[in-house]
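Coordinate analysis (summary)
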Amino acid sequence: KINSDANQGAIIVETNLTTARSLMMFVNGNGTVGTIQTSSSATSYNTSSDYRLKENVTYTWDATTRLKQLKPCRYNWIVDDTNTLTDGFLAHEVSSIVPDAVSGEKDAVDSDNNPDYQGIDPSKLVSLMVKTIQELEARITTLEG
């Protein structure tokens, strides 16, 4: 069942079943492209990754060079009166390094000239980080050998 908590501004998707199941599915003309699933005690956010959807798969690419181009930063949100520092990235700085991690265009505005802000999906950076760790581990092994 779906309901909302007006006091919290939340949409609640609820089931009494505790077996793994999709509570939300994201579908386009190509079929299901993502799900939000729950089980007895966990939530998973899934995007398509099946090998049958991919081609030109390669495992030999230089992740370390690309990762070193990223510029992690600390910042606070303008609307946050507490000025609490947060770790992250500026979307426009990531867009040329990991384009599929960024949505929108730098400095875009809508038809009323209001900002159309960029977004970032940090999960798209995970494979770059894992590959970099593997490359660094190989270098360490070589140096220790």
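Residues numbered from 1 in each chain as written. Predicted model: local features only at pLDDT ≥ 70, side-chain atom pairs only at ≥ 80, totals over all residues. Heavy atoms only, no water.

**Regarding the overall build of the chain**
Assigned secondary structure in the chain consists of three helices and nine strands. In the chain, the succession of α and β elements from N to C terminus is β-β-β-β-β-α-β-β-α-β-β-α. The C-alpha atoms of the chain give 20 Å as radius of gyration, which overshoots the globular expectation for 145 residues (15 Å, by more than 25%). By principal-axis analysis of the C-alpha atoms, the chain measures approximately 60 × 45 × 35 Å. The buried share of the chain, reckoned over its 145 residues, is 12%. Look at the contacts in the chain between residues 6 or more apart in sequence, and 26% of them connect residues 24 or more apart. As displayed, the chain has an accessible area near 11,800 Å², and 53% of this comes from carbon and sulfur atoms. (Helix = DSSP H or I, 4+ residues; strand = E, 2+ residues; numbered from the N terminus. Rg over C-alpha atoms; globule rule 2.2 N^0.38 Å. Buried < 20%, exposed > 50% of the residue type's maximum accessible area, 1.4 Å probe, protein only. Contact = heavy atoms within 4.5 Å. Areas by Shrake-Rupley, 256 points an atom, 1.4 Å probe, with all protein chains shown as cover.)

**Regarding helix α3 (residues 126-144)**
For α3, with 19 residues, the first-to-last C-alpha span of 27 Å sits near the 27 Å given by 1.5 Å per residue. For α3, the full list of buried residues reads Leu128, Lys131, Thr132 and Glu135. Taken around the axis of α3, the buried residues stretch over an arc of 105°, which confines them to a single face. The exposed residues of α3 that point more than 90 degrees off its buried face are Ile133 and Glu144. Where α3 is buried, its residues contact α1 (63-69). (Expected span 1.5 Å × (residues − 1). Arc of directions from axis to C-beta.)

**Section: the nonpolar core**
Most often, soluble globular proteins have nonpolar side chains that are buried together. Core analysis: the biggest nonpolar cluster contains ten residues, these being Ala63, Leu70, Ala91, Val94, Ile97, Val98, Ala101, Val102, Leu125 and Leu128. Among residues more than four places away in sequence, those in contact with leucine 70 are Phe89, Val94, Ile97, Leu125 and Leu128. (Core = buried A, V, L, I, M, F, W, Y, C linked by side-chain atoms within 4.5 Å.)

**Concerning the pairing of strand β4 (residues 31-38)**
Side-chain positions along a regular strand alternate between the two faces of the sheet. As paired strands, strand β3 (residues 21-28) and β4 are joined by seven bridges and run antiparallel to one another. Note that in β4 the partner of phenylalanine 26 across the bridge is glycine 34. Counted along the chain from β3 to the antiparallel partner β4, the turn is two residues long. With five bridges joining them, β4 and strand β5 (residues 43-47) adopt antiparallel strand pairing. (Pairing = 2+ DSSP bridges.)

**Some words on the packing of aromatic side chains**
Any pair of aromatic rings gets described here by the distance separating the centres and the angle formed by the planes. Tallying each qualifying case throughout the model produces one aromatic pair. Residues tyrosine 75 and tryptophan 77 carry aromatic rings whose centres are separated by 5.4 Å and whose planes lie at 85° to one another, so their mutual orientation is edge-to-face. Note on tryptophan 77: relative accessible area 52%, which makes it exposed. Lysine 131 extends its terminal NZ or CZ atom over the ring of tryptophan 61, reaching a point 5.6 Å from the ring centre. (Phe/Tyr/Trp six-rings, centres within 6.5 Å; stacked < 30°, edge-to-face > 60°. Lys NZ or Arg CZ within 6 Å of the ring centre and 35° of its normal.)

**Re the sheet that holds β5**
Read across the sheet, three strands follow the order β3-β4-β5 without closing on themselves; strand pairing throughout is antiparallel. Either end of the sheet is taken by a strand with one partner, and the two such strands are β3 and β5. Here the average twist between neighbouring strands, direction ignored, is 15°. (Axes fitted to C-alpha atoms, helices over the stretch in contact; angles between N-to-C directions.)

**Overview of a nonpolar patch on the surface**
On the surface, a nonpolar cluster with roughly 230 Å² of combined accessible area is contributed by Met24, Phe26 and Val33. If you trace the backbone, methionine 24 turns up in strand β3. Take methionine 24: its relative accessible area is 38%, and that puts it in the partly exposed class. (Patch = residues over 30% accessible without salt bridge, like charges linked within 9 Å, V, L, I, M, F, W, Y side chains within 5 Å. Salt bridge = Lys/Arg side-chain N within 4 Å of Asp/Glu carboxyl O.)

Geometric values such as these leave the question of function open.
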